[in-house]
Amino acid sequence: MERICGWIIRKKLVGRVAIIEISGDRYTKPYVLVFKKDRNPEEYELIQGLSIGTALCFEGEKAREQKSRRGIEYVADKVEVYAEPLKPLPVDTSGKVPALLDTRIRYRYILLRNPLEKAILKIRAGILEAAREYLRKNGFLEIHTPKIVAAGAEGGATLFQLQYFEHRAYLSQSPQLYKQMLIASIPRVYEITPYFRAEKFNTIRHLNESWGIDVEQAFVKSEEDIMNTLEELVAYIINYVRTNYEEELELLNVELKPVHTPFKRIKFAEAIEMLETEGMKVSSTEDVTDAAEKKLGEIMAEKGYDLYFITKFPWSSTGFYYMREEDGIYTRKFDLDYKGLEIASGGQREHRYYKLVEAIREKGLDPRDFEFYLEAFKYGIPPHGGFGLGLERLMMKILNLSNIREAIVFVRDRTRLVP
Ligand code: ATP
Ligand code: MG
């Protein structure tokens, strides 16, 4: 006998039989319980009077014969009711009546009783499981860096300001500067971290609080070493989800193909050329626009590539910390795109103190604001680089989600600060 707990998501009365589905902890699919009036009239009475959303526990055993395709059949006994909803649920947790995205986001915490919603959350956890496993196996140490910071890595426009006693502070956009500082002592680090970005626009691929898998690695020869780590990590994650979350993928109707490395690499300048050939107007000095990113995805898909790197971004489009090539025009920055969407940015960093100060000035920033960071570069920082891989962006592409808001339970965007 096992004690199993959960919530009723579906109830069916057929003749003298009550069938209920319970969303519980062990499985993604519900427990299916059958109660026969003739066998236990008292229990049948109790069950048939319970409403959808009731929280209960029961003692039961897996049925020897599994006939239901909707869930896992159990033979149950001793039902204990713990909480009954005060009013009908605002959403259909059985999944029969789909909710609009807005309602879904508002009540996601109850909708997670639905196997499909639960499958998304489980795969989110599975991605992190895989990432930690891969990185640990490859000698990366998990770290934590402050989320209240004095300066941003990506420039001022997208920083959330806050009052920190008598100082102005910000919520961290990226652990960039701090993970680089840790390179002073630990050659391989990673952090699973929120990014706070005050981007005012509303898009299907931006959140104001999103999560990333952020990696930094020292003693590299070039950004190629970083791209190797990133592609191996992403391939590991996708293949891990494919083999360990088969049931969830099936529920979500996702057919995930195995991923092989290396991923295709194209230079930024080549990407611009390819887009121009397709009749697109693109800038050769700025980051690619959303439309261009998407178009490039189509071009690459035709050639058979879902995952591809865009390398050697122009200096005019990057943060100050990327290493510049000798020509001064291009850098060792790359993006990783997945089906027409940027899922990661990374590259080799500038580790030479004087070059770094110069780069900060050239970007119109004040080296004094970065003193705490620059200081670290005086004590033997080797060539290094890293990347930030967006968790919700990766989920969007693995699961074919049309909006990034589907990938996170509590959404922080331009209009949502609750729940
Ligand atoms: P974009 O140009 O698409 O807005 P970005 O280049 O500003 O993204 P990076 O600073 O490169 O973003 O951050 C690293 C990764 O973190 C991105 O590739 C993306 O996957 C994820 N990311 C960054 N900002 C957001 C956001 N606002 N919402 C969701 N994911 C984000
Ligand atoms: Mg980027």
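As the structure is a prediction and not an experimental result, all values here were calculated from the model.

Conventions we followed
- In this numbering scheme, every chain counts its residues from 1 along its sequence in written order.
- Lettering of chains starts at A and numbering of ligands starts at 1, both following the order in which they are written.
- Only residues with pLDDT of at least 70 get local features here, since the model is predicted, and only at 80 or more are side-chain atom pairs given and counted; chain-wide, interface and lining totals rely on the full set of residues.
- Values reported for side chains reflect all heavy atoms of the structure, with hydrogen atoms and water molecules removed beforehand.
- The helix and strand labels rest on DSSP assignments: H or I over at least four residues marks a helix, E over at least two residues marks a strand, and numbering proceeds from the N terminus.
- Burial classes follow relative accessibility: with a 1.4 Å probe on protein chains only, a residue under 20% of its type's maximum area counts as buried, one over 50% as exposed, and anything between as partly exposed.
- Residue-level accessible areas treat just the shown protein chains as cover; the underlying method is Shrake-Rupley with a 1.4 Å probe.
- Positive charges are assigned to Lys and Arg, negative charges to Asp and Glu, while His and the chain termini are left out of the count.
- Every charge is mapped to an atom, namely NZ of Lys, CZ of Arg, CG of Asp or CD of Glu.
- Paired strands, as defined in this entry, are two strands with at least two bridges between them according to DSSP.
- The contact criterion used is simple: two residues touch if any of their non-hydrogen atoms lie within 4.5 Å.
- Interaxial angle, 0 to 180 degrees, is taken between N-to-C directions of lines fitted to C-alpha atoms, where a helix line uses only the stretch in contact.
- Here, nonpolar core refers to any group of buried Ala, Val, Leu, Ile, Met, Phe, Trp, Tyr and Cys residues whose side-chain atoms link them within 4.5 Å.
- Take a side-chain nitrogen of Lys or Arg and a carboxyl oxygen of Asp or Glu: if they are within 4 Å of each other, that pair is a salt bridge.
- Think of it this way: one heavy atom of a residue within 4 Å of a molecule or strand is enough to make that residue near it.
- Identification of polar contacts relies on pairs of N or O atoms within 3.5 Å, with a donor-acceptor requirement for protein atoms, meaning one able to donate a hydrogen and the other able to accept it, and with residues adjacent in sequence counted only if both atoms are side-chain atoms.
- Any residue outside Ala, Val, Leu, Ile, Met, Phe, Trp, Tyr, Cys, Pro, Asp, Glu, Lys and Arg is labelled polar, Gly included; the first ten of those are nonpolar and the last four are charged.
- Here, two cysteine sulfur atoms that lie within 2.5 Å of each other are counted as a disulfide.

Visitor: Can you walk me through the overall build of the protein chain in this structure?
Guide: When you go through the protein chain residue by residue, the secondary structure sums to twelve helices and 16 strands. Counting across all 419 residues of the protein chain, residues that qualify as buried make up 52%. Surface exposure of the protein chain reaches about 21,000 Å², of which carbon and sulfur atoms provide 51%. Of the side chains in the protein chain, 63 bear a positive and 64 a negative charge, and the two mean positions are spaced by 3 Å.

Visitor: When you look at the sheet that holds strand β10 (residues 188-196) in this model, what are you seeing that I'm missing?
Guide: The pairing of strands in a sheet comes from backbone hydrogen bonds and takes either a parallel or an antiparallel form. Read across the sheet, eight strands follow the order β6-β10-β11-β16-β15-β14-β13-β12 without closing on themselves; strand pairing throughout is mixed. The sheet is open, and its two borders are formed by β6 (141-142) and β12 (264-267), each paired with just one other strand. Packing of helix α8 (residues 268-277) onto the sheet brings it into contact with β12 and β13 (307-311), and relative to β12 it is tilted by some 80°. Here helix α9 (residues 290-302) sits on the sheet and contacts β12, β13, β14 (333-338) and β15 (341-348); the angle it forms with β13, its principal contact strand, is near 125°.

Visitor: Looking at this model, I keep getting lost on the nonpolar core. Mind explaining?
Guide: One recurring pattern in soluble globular proteins is that nonpolar side chains are buried together. Within the largest apolar cluster, 55 residues are counted, with the highest numbers of intra-cluster contacts made by I127, I213, I237 and L389. When residues of this core are assigned to their parent elements, the largest contribution, ten residues, is made by helix α6 (residues 223-244).

Visitor: So what exactly am I meant to see when it comes to the side chain of K118 here?
Guide: Inspection of the secondary structure puts K118 in helix α4 (residues 115-137). The side chain of K118 sits in the buried core without any salt bridge; D25 is the nearest counter-charge, 7.5 Å away. In this view, K118 contacts S23, G24, Y27, T28 and L112; residues no more than four positions away in its chain are not counted.

Visitor: For this particular structure, what's the right way to read the site of ligand 1?
Guide: Inspection of the region around ligand 1 gives 15 residues, with E199, H206, L207, E342 and I343 positioned closest. The separation between an oxygen atom of ligand 1 and a polar side-chain atom of E342 is 2.5 Å. Residue S345 places a side-chain N or O atom 2.9 Å away from an oxygen atom belonging to ligand 1. When ligand 1 sits alone it has 590 Å² of accessible area, and the protein chains cover 87% of it. Of all the secondary structure elements, the ones that give two or more residues to the shell around ligand 1 are β15 and β16 (384-390). The biggest single contributor to the shell around ligand 1 is β15, with four residues. Of the residues that constitute the shell around ligand 1, the class distribution is five nonpolar, five polar and five charged.

Visitor: Is there a simple way to explain the sheet that holds strand β2 (residues 17-24) in this structure?
Guide: Here we have five strands rolled up into a closed barrel, ordered β1-β2-β3-β5-β4, and mixed in their pairing. Across the sheet, the axes of successive neighbouring strands diverge by a mean angle of 55°, strand direction being ignored. Both strand β1 (residues 2-14) and β2 contribute to a ladder of eight bridges, which runs antiparallel. Looking across to β2, one finds that K12 is bridged to I19. The sheet contacts of helix α1 (residues 41-48) involve β1, β2, β3 (31-36) and β5 (72-83), and relative to β5 the element is tilted by about 70°.

Visitor: Even after reading the chapter, I still don't get the environment of E273, so can you show me in this structure?
Guide: In this structure, E273 sits in helix α8. Spatially, the C-alpha atom of E273 lies 63 Å from that of R64, the residues being 209 residues apart in sequence.

Visitor: Sorry, what's going on with the state of the cysteines here?
Guide: In protein chemistry, a disulfide is the covalent bond that joins the sulfur atoms of two cysteines. Summed over all chains, the structure comprises one disulfide. For C5, the disulfide goes to C57, at an S-S distance of 2.1 Å. Where C5 bonds to C57 through sulfur, the torsion about that S-S bond is close to 105°, and the disulfide is right-handed. With C5 in strand β1 and C57 in strand β4 (residues 55-62), this pair connects stretches of sequence that are 52 residues apart. Taking the relative accessible area as the measure of exposure, C5 reaches 29% and is therefore partly exposed.

Treat this as a map of the structure, not an account of what it does.
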